[in-house]
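Here are the chains, one letter per residue:
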There are 2 protein chains.
Amino acid sequence: MIEKGDVLAADIGGTNLRLARVQAGGHIVREVRVQTNFSQLTELSSEAAAQAIVDTISQAAQPLLDADIVGLGIGFPGFFMGDSGILASSPNIPQLDNFNLAELLSNQLHIPVSAQNDALCAAIGEHTFGAGKGHKNLLHITLGTGIGGGFILNHQPYTGEHGMAMEFGHLCVAHGQDARLCGCGNHGCVEAYASASAISARYAEISGEQLETKIIFERGIQGNHEANVIIKSAASYLGQAIAEAIKLLDIQTVCISGGLIGAWNILHPNIMVSLNNNLIPPQQNKVRILPSILKDNAGLLGAANLFNKPK
Amino acid sequence: MIEKGDVLAADIGGTNLRLARVQAGGHIVREVRVQTNFSQLTELSSEAAAQAIVDTISQAAQPLLDADIVGLGIGFPGFFMGDSGILASSPNIPQLDNFNLAELLSNQLHIPVSAQNDALCAAIGEHTFGAGKGHKNLLHITLGTGIGGGFILNHQPYTGEHGMAMEFGHLCVAHGQDARLCGCGNHGCVEAYASASAISARYAEISGEQLETKIIFERGIQGNHEANVIIKSAASYLGQAIAEAIKLLDIQTVCISGGLIGAWNILHPNIMVSLNNNLIPPQQNKVRILPSILKDNAGLLGAANLFNKPK
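Worth saying up front: this structure is predicted, and the values here are computed from it rather than measured. (Residues numbered from 1 in each chain as written. Chains lettered and ligands numbered in written order. Predicted model: local features only at pLDDT ≥ 70, side-chain atom pairs only at ≥ 80, totals over all residues. Heavy atoms only, no water.)

Caption draft 1: Spatial organisation of unusual backbone geometry. Backbone geometry places Asn285 of chain A, a non-glycine residue, at a positive phi of 60°. Secondary-structure assignment places Asn285 of chain A in the loop between helix H8 (264-278) and strand S12 (288-291). In this structure Asn285 of chain A comes out as exposed when scored by relative accessible area, which is 63%. If you check the backbone angles, His155 of chain B has positive phi at about 70° while not being a glycine. Within the secondary structure layout, His155 of chain B lies in the loop between strand S9 (147-153) and strand S10 (156-158). (Helix = DSSP H or I, 4+ residues; strand = E, 2+ residues; numbered from the N terminus. Buried < 20%, exposed > 50% of the residue type's maximum accessible area, 1.4 Å probe, protein only.)

Caption draft 2: Quick peek at the interface of chain B and chain A. Residue-level contacts link 40 residues of chain B with 40 residues of chain A. In total, chain B and chain A occlude about 3500 Å² of area from one another, counting both sides; carbon and sulfur atoms represent 56% of this. When the buried surface of chain B facing chain A is broken down by residue, Glu161, Leu248 and Asp250 of chain B rank first, second and third, together holding 21% of it. Where chain B touches chain A, the interface holds 0 salt bridges. Residue assignment for the side of chain B that touches chain A shows that the elements contributing at least two residues are S9, helix H7 (225-249) and helix H8 (264-278) of chain B. Top element by residues in the side of chain B that touches chain A is H7 of chain B. It accounts for 6 residues. Along the lines of polarity and charge, the residues of the side of chain B that touches chain A split into 21 nonpolar, 13 polar and 6 charged. (Contact = heavy atoms within 4.5 Å. Buried area = accessible area lost by both parts, 1.4 Å probe. Salt bridge = Lys/Arg side-chain N within 4 Å of Asp/Glu carboxyl O. Nonpolar A, V, L, I, M, F, W, Y, C, P; charged D, E, K, R; others polar.)

Caption draft 3: Quick look at the nonpolar core. Of all hydrophobic cores here, the largest spans 114 residues; its most connected members are Phe168 of chain A together with Phe168 of chain B. Beyond its immediate sequence surroundings of up to four residues, Phe168 of chain B is in contact with Leu248 of chain A together with Leu139, Ile141, Ile147, Gly149, Val190, Leu238, Ala241, Ile242 and Ala245 of chain B. (Core = buried A, V, L, I, M, F, W, Y, C linked by side-chain atoms within 4.5 Å.)

Caption draft 4: Quick peek at the pattern of salt bridges. The final tally for this structure, using the stated rule, is 14 salt bridges over all chains. Glu205 of chain A is the partner of Arg180 of chain A in a salt bridge, and the nearest nitrogen-oxygen pair spans 2.9 Å. Here Glu205 of chain A lies in helix H5 (residues 196-207) and Arg180 of chain A lies in the loop between strand S10 (156-158) and helix H4 (191-194), a separation of 25 residues in the sequence. Glu244 of chain B is the partner of Lys247 of chain B in a salt bridge, and the nearest nitrogen-oxygen pair spans 2.6 Å. With Lys247 of chain B and Glu244 of chain B both in helix H7 and 3 residues apart, the pair spans about one turn of that helix. Glu244 of chain B shares its class with Lys247 of chain B; the two are buried. One salt-bridge network, in which partners are shared between bridges, spans Asp6, Arg21 and Asp66 of chain A.

Caption draft 5: Molecular detail of the sheet that holds strand S2 (residues 16-23) of chain B. Residue and element names in this part refer to chain B. Read across the sheet, 5 strands follow the order S3-S2-S1-S4-S7 without closing on themselves; strand pairing throughout is mixed. On the outer flanks of this sheet lie strand S3 (27-35) and strand S7 (113-117), each paired with one strand and no other. The sheet shows a mean angle of 20° between the axes of neighbouring strands, taken without regard to direction. Pairing of strand S1 (residues 6-12) with S2 involves 6 bridges; the strand directions are antiparallel. Note that in S2 the partner of Val7 across the bridge is Val22. (Pairing = 2+ DSSP bridges. Axes fitted to C-alpha atoms, helices over the stretch in contact; angles between N-to-C directions.)

Caption draft 6: Just helix H1 (residues 46-61) of chain A, in detail. All names here are of chain A. Between its first and last C-alpha atoms H1 spans 23 Å; for 16 residues at 1.5 Å apiece the expected length is 22 Å, and the two agree. Listed in full, the buried residues belonging to H1 are Ala49, Ala50, Ile53, Val54, Ile57, Ser58, Ala60 and Ala61. Projected down its long axis, H1 shows its buried positions confined to an angular sector of 170°, all on one face. Residues of H1 that are exposed and point more than 90 degrees away from the buried face comprise Glu47 and Gln59. (Expected span 1.5 Å × (residues − 1). Arc of directions from axis to C-beta.)

Caption draft 7: The domain arrangement of chain A, seen in detail. All names here are of chain A. Here chain A is described as being made up of domain 1 (6-123 + 297-308) and domain 2 (134-293). Each of domain 1 and domain 2 has a C-alpha centre, and the two are 26 Å apart. Across the domain 1 to domain 2 interface the summed buried area is about 870 Å²; carbon plus sulfur atoms make up 68%. In terms of surface lost to domain 2, no three residues of domain 1 exceed Phe79, Leu120 and Ala123, which account for 56% of the buried area on that side. (Domains from an automatic or database assignment.)

Caption draft 8: Seen up close, the sheet that holds strand S1 (residues 6-12) of chain A. All names here are of chain A. Strand order in the open sheet formed by 5 strands is S3-S2-S1-S4-S7, and the pairing between neighbours is mixed. The sheet is open, and its two edges are formed by strand S3 (27-35) and strand S7 (113-117), each paired on a single side. On average, each strand axis in the sheet is tilted by 20° relative to the strand beside it, whichever way the strands run. Both strand S2 (residues 16-23) and S3 contribute to a ladder of 8 bridges, which runs antiparallel.

In C-alpha cells:
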C-alpha cells in the first residue's frame, strides 16, 4: 500500500503514456494521457533514445508534480535488473542497453523514481488493490496486443535472474508445422492464439471480417457462431498454458485482465475445462481463475505501489 | 550443510529403500538397502499402509541408530504440506491422505524426523553438495522411470502451495493425436519422450530390440544410429521442456541427473540447441545445463540436509 503522500505513476506503452497522481489506497486523483512515438526511437542512438524517453515522461509528469509527491513509479515494456530501475533491454527499442531509467528521471524531476516491467506492475497492482488482494501468490495474465505475465510470490514481485520471468505469452501450446507464428519468431506461442490481435486475426480467417476484438467479444456474447468458436478456442489454449504454469509453480490463484474478460461467461468455463484436463490428476480442481478488478488501471496502480515493496 | 552430529537419510522408491548415515559435508559413512513392496500397499487400508511404511523405514534405521544421531531426513515419492512432514497424497499409494510420516516415525524412533518430496530432496542435495552448490537458484531434473523436478529459489526449496511444484515431467512437448501417452493419463508429456523408460520403449519401436536404457546409452556413445536418434530426440524434447520452465522462472542454472547423463556428449549439445531455439530471443544463451555430480546420491544427501533448512 502507498503509505504517505501521493505518488505519481506512469504506465508506458508503445503509442500511449498514462501518468496519474495516486493516493494511498490506490485512488487515482488526476490523470494525463499523452501519445508517444517510442516505436520510432529505434532510429536514434542509444543515448538519444534514452533521453527522448526521459524527456517524454518528465514533461508528462510536470503538471502533476508538487511538494506533496513522494515519488514516481513507472511500468515500462522491458526487462529490468531486479529492483534497480535499470532497464537491461527492451524488445521494442533494442538499442537501449543498461539504461538507468529511474536514475535519469530522478535527476531530472528531483524525486525518487522506481521502474519495473509493465506486466509485473499489472500483477503488483492487481495483487495490492484488485482481484489478487490478500492472496499470497498470484499469477497475473494480461491479454492485449501481446500476452504478458507477472508473478507475485509470497506477496513479493518475482523478477527472475534477468528481469525476464513469466514470459507467459510465449509458452508453447501447439507444435508442428501448422502451429501459428508468433511475433517472437517461434511457432505455437499462446500469444499467437489468445491475444487480442490473434483473436482478431483468427476471427477474420474464419469469417472473412476484420473486426476490433471488442466487437468480436460482443458478438460472442450475443451468440454469434464464429465469434464463439474463436473465443472458446482462445480459452482452451489459455487453459493449456495456465496448466503448464501450474505444473511448475503450484499456486492457487490466477487473475486475467484485458478486453477478453468482457466475454467472461464464455471464457471462464472453457479455460477451466482445458486447465484441469491438462494438469496431472492430483493438481486438478485446486486453481481459481479470477477476472481483473482493476482492468486498465492495474499497471498504473502497480507502478504507484513500487515504492512500497521491500528492496 | 549438516552442522553437528551425524544424521540418517532415507531415499524411498517403489521397490527399494536406501538408508544412510551421513556426516557434516555430505559424507556417507554407512548405508543399508532394503527391498520394499510399497506398490502392494494399495491393497491395505490407509492406516495399515501408513504403518507398514513407518515400520519398514524404522526397521531399516535401527542398525544405524545411536545416541550421536541428531535426526532422520526422508525423501518420499509424494506431495508434502510445506515443511510439516505431512504427506498430503502420494500418486503410487492413493489411499494415503494427510499421513504424518514425520511424526509417526519420530514417535517410533525417538529422534526428530523431517520428510519431503523425493525429487525436491534431489534438488536440495545437488544444491547443497553437488553441481548446484553456490547457485542461488537451481532447477534440478531427474531422468528415471519418470521425470522428476525440484526447484531451489534463493537457496530455499520451493514446494508450491500444495507440495506439487515442479512437475517438470508433465510439461507438454507434443500436441495432437500422435502425442505419446504418459502415465499421468495425458498425452505429450516430456516424461513420455525422455524418461529412461520412454527411451527404452522408443528405442524398441525403431530397432525392434528391448534393451536396458544403460545399454542404449552405451550404444549411442559408440555411434549406433538408432540409439543416437532416440537420445538426440530425447534431448530435443528435454530442451523444449526446459525452455518452458525458463520462460517462466528466468533462472540461469539447470542440473540433470539420471542414467542418461552417461551420454552427456550427445545429450548436452542437443538440449542446448533445442532450449535456445524455444526461448524468446532476449532469453537465449543465458542458461547453463550441468550434469549431476552426486548422481544416485542426490536424493539421499538432500534428505540428510532437510534439518538445516529454515522452517
